[in-house]
Amino acid sequence: MCRLYKLIQPLLFRLDAEASHRLAFGALRALNYLPGFSRCLRGARAPGLPVEVMGIKFPNPVGLAAGLDKNAEYAPLLAAFGFGFLELGTVTPRPQPGNPKPRLFRLPAAHAIVNRMGFNNVGVALFLNNVYQWECPCPIGINIGKNKDTPLENAVDDYLAALRAVYPHASYVTVNISSPNTPGLREMQSQENLDELLRAIKADQTTLTRIHGRYVPLAVKIAPDLDDVQIAAIAALAQAHKIDAVIATNTTVARPGLEQAPLAKEAGGLSGRPLKALSTAVIRKLYAHLQGKIPIIGVGGIETAEDAWEKLVAGAELVQIYSALVYEGPGVVGKIVHGLAQKTAMWGAATLTEAVAKARLNSPNSANGQD
Ligand SMILES: Cc1cc2nc3c(=O)[nH]c(=O)nc-3n(C[C@H](O)[C@H](O)[C@H](O)COP(=O)(O)O)c2cc1C
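Quantities reported herein were computed from a predicted structural model and do not represent experimental measurements.

Analysis parameters
- Residues numbered from 1 in each chain as written.
- Predicted model: local features only at pLDDT ≥ 70, side-chain atom pairs only at ≥ 80, totals over all residues.
- Heavy atoms only, no water.
- Axes fitted to C-alpha atoms, helices over the stretch in contact; angles between N-to-C directions.
- Helix = DSSP H or I, 4+ residues; strand = E, 2+ residues; numbered from the N terminus.
- Parallel < 35°, antiparallel > 145°, perpendicular 65-115°, else oblique.
- Left-handed = near helix turned anticlockwise from the far one by under 90°.
- Contact = heavy atoms within 4.5 Å.
- Patch = residues over 30% accessible without salt bridge, like charges linked within 9 Å, V, L, I, M, F, W, Y side chains within 5 Å.
- Areas by Shrake-Rupley, 256 points an atom, 1.4 Å probe, with all protein chains shown as cover.
- Salt bridge = Lys/Arg side-chain N within 4 Å of Asp/Glu carboxyl O.
- Buried < 20%, exposed > 50% of the residue type's maximum accessible area, 1.4 Å probe, protein only.
- Near = heavy atom within 4 Å.
- Polar contact = N/O pair within 3.5 Å; in protein donor to acceptor, adjacent residues only side chain to side chain.
- Nonpolar A, V, L, I, M, F, W, Y, C, P; charged D, E, K, R; others polar.

S.K.: So what exactly am I meant to see when it comes to the packing of helix 6 (residues 155–166) against helix 7 (residues 191–212) here?
M.R.: In helix packing, the relevant descriptors are the interaxial angle and the interaxial distance, both defined with respect to the helix axes. Packing of helix 6 against helix 7 brings their axes to within 10 Å, and their N-to-C directions diverge by 25°. What the angle tells us is that helix 6 and helix 7 run roughly parallel. In terms of crossing hand, the pair formed by helix 6 and helix 7 is right-handed. Judged by residue contacts, Val156, Tyr159, Leu160, Leu163 and Arg164 of helix 6 engage Glu196, Leu197, Ala200, Ile201, Asp204 and Leu208 from helix 7.

S.K.: It is not clear to me how unusual backbone geometry should be interpreted in this structure. Could you clarify?
M.R.: Across residues other than glycine, the phi torsion is negative in most instances, and most of the peptide bonds are trans. The amide bond that connects lysine 101 to the next residue, proline 102, takes the cis arrangement and shows omega of 0°. Counting through the fold element by element, proline 102 comes out in the loop between strand 4 (85–91) and strand 5 (104–107). The omega angle of the peptide bond from alanine 248 to threonine 249 is 15°, so this bond is cis rather than trans. Position of threonine 249 among the secondary structure elements: in the loop between strand 10 (245–248) and strand 11 (269–272). A positive phi angle, close to 55°, is found at phenylalanine 119, a residue other than glycine. With respect to the helices, strands and loops of the structure, phenylalanine 119 is situated in the loop between strand 6 (112–115) and helix 5 (123–131). Positive phi, normally seen in glycine, also occurs at lysine 242, with a value near 55°.

S.K.: Would you take a moment to explain a nonpolar patch on the surface for this structure?
M.R.: A cluster of nonpolar side chains, contributed by Leu4, Leu7 and Ile8, occupies part of the molecular surface with about 300 Å² of accessible area. Relative to the elements of secondary structure, leucine 7 occurs in helix 1 (residues 2–14). A residue is classified by how much of its surface remains accessible, and leucine 7, at 66% relative accessible area, is exposed.

S.K.: Is there a simple way to explain the environment of alanine 245 in this structure?
M.R.: Relative to the helices and strands, alanine 245 is located in strand 10. The buried category is assigned to alanine 245, whose relative accessible area is 0%. Spatially, the C-alpha atom of alanine 245 lies 17 Å from that of methionine 188, the residues being 57 residues apart in sequence. Filtering out sequence-adjacent residues up to four positions away, alanine 245 remains in contact with Met54, Leu218, Ala219, Val220, Ile294, Pro295 and Ile297.

S.K.: What's the story with the site of the ligand in this structure? I'm lost.
M.R.: Of all residues adjacent to the ligand, which total 23 residues, the nearest are Ala66, Thr90, Lys221, Gly301 and Ser323. Between an oxygen atom of the ligand and a side-chain N or O atom of serine 323, the distance comes to 2.6 Å. Protein chains shield 97% of the accessible area of the ligand, which is 600 Å² for the free molecule. Of all the secondary-structure elements, those providing two or more residues to the shell around the ligand are strand 6 and strand 11. Taken together, the residues of the shell around the ligand break down into eight nonpolar, 13 polar and two charged.

None of this, on its own, says anything about what the molecule does.
The structure is reproduced here in structure tokens:
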């Protein structure tokens with residue numbers, strides 16, 4: 001599949017980035033109805049590499065990051081890529097068009113993407129209508145956000161409305177407070193705003209657990225552009241409010257090493273290879289505070305099993321990818337899972353979790369917070 005993708009990639013890259021995304025997924029969805037096609041998508045069958053995080057059993061630790069399937073349209077197809085879980089959304093309570101186009105830019109030489117999509121999505125009602133259309137073989141995270149036109153002082157109401165709607169359909173729910181493309185959103189990461197938000201969503205989680213007879217874990221997704229004091233404050237609040245996971249990180253407003261790339265000047269969040277070191281550093285610092293009491297989901301610039309391993313050893317328990325799918329195609333998922341299975345064997349461990357624990361003990365600067 002990787003080879004086929006590499007063949008058609010130059011064609012796709014000649015189109016506008018957003019148009020080629022729609023075309024590729026439309027075609028793949030149609031082809032996925034062909035018998036045997038999903039096996040071909042997955043390429044060499046990825047081995048089982050089960051991990052248990054937030055009380056959820058994942059068939060493997062490699063998930064799809066939020067933003068690729070904002071409207072829950074492609075879950076069975078994406079699951080066929082071999083992902084261990086999918087994070088859908090960001091979905092907001094009401095539909096919204098997002099920012100004017102163009103709003104998605106590829107930087108192929110850097111294996112990077114700049115986007116300022118702005119939470120374009122069909123709104124939570126139609127999103128759930130889509131969810132009713134399919135069954136997914138792997139856990140599903142649903143990532144929720146606030147509408148652009150909701151003032152910051154009412155943001156909590158948006159998160160609660162979305163949480164109540166998606167709760168019965170999600171394996172876990174992610175509270176997105178870190179997209180750089182919704183004005184003011186990242187202010188939700190400030191101590192005062194975050195304290196209020198986490199208090200409110202945890203209270204709702206308790207009520208919703210009673211109503212639905214099921215505890216759905218809550219994750220918070222943070223930015224890579226936080227200083228040490230902010231990271232410490234978020235870690236403290238996550239523990240105080242008993243948040244179930246922290247996802248690190250979203251895209252960055254920085255442009256590390258991209259001084260020569262004209263498209264890097266476009267406003268928006270940067271993802272892909274240039275984000276990798278920044279997001280790993282945040283994971284490492286976060287882990288130093290959390291010490292495994294709250295799991296971390298690592299995301300940012302993962303393209304290979306080695307990159308995923310680096311995030312795990314730095315403190316993550318699960319990983320997610322987005323930009324690598326654009327540059328490497330669907331086969332990258334199986335390659336990463338395979339590579340992690342090899343690492344597990346290399347460390348003489350029965351499980352990936354055991355292998356990572358051994359590697360952390362051996363690594364002087366990975367899981368103890370020193371860079
Ligand atoms: C086009 C695009 C849209 C995205 N939309 C969202 C989103 O709606 N919600 C969100 O939490 N993250 C969103 N992200 C961020 C990704 O989930 C991920 O955190 C980031 O891209 C870093 O991972 P990567 O380097 O593997 O791409 C988006 C990323 C891209 C490239």
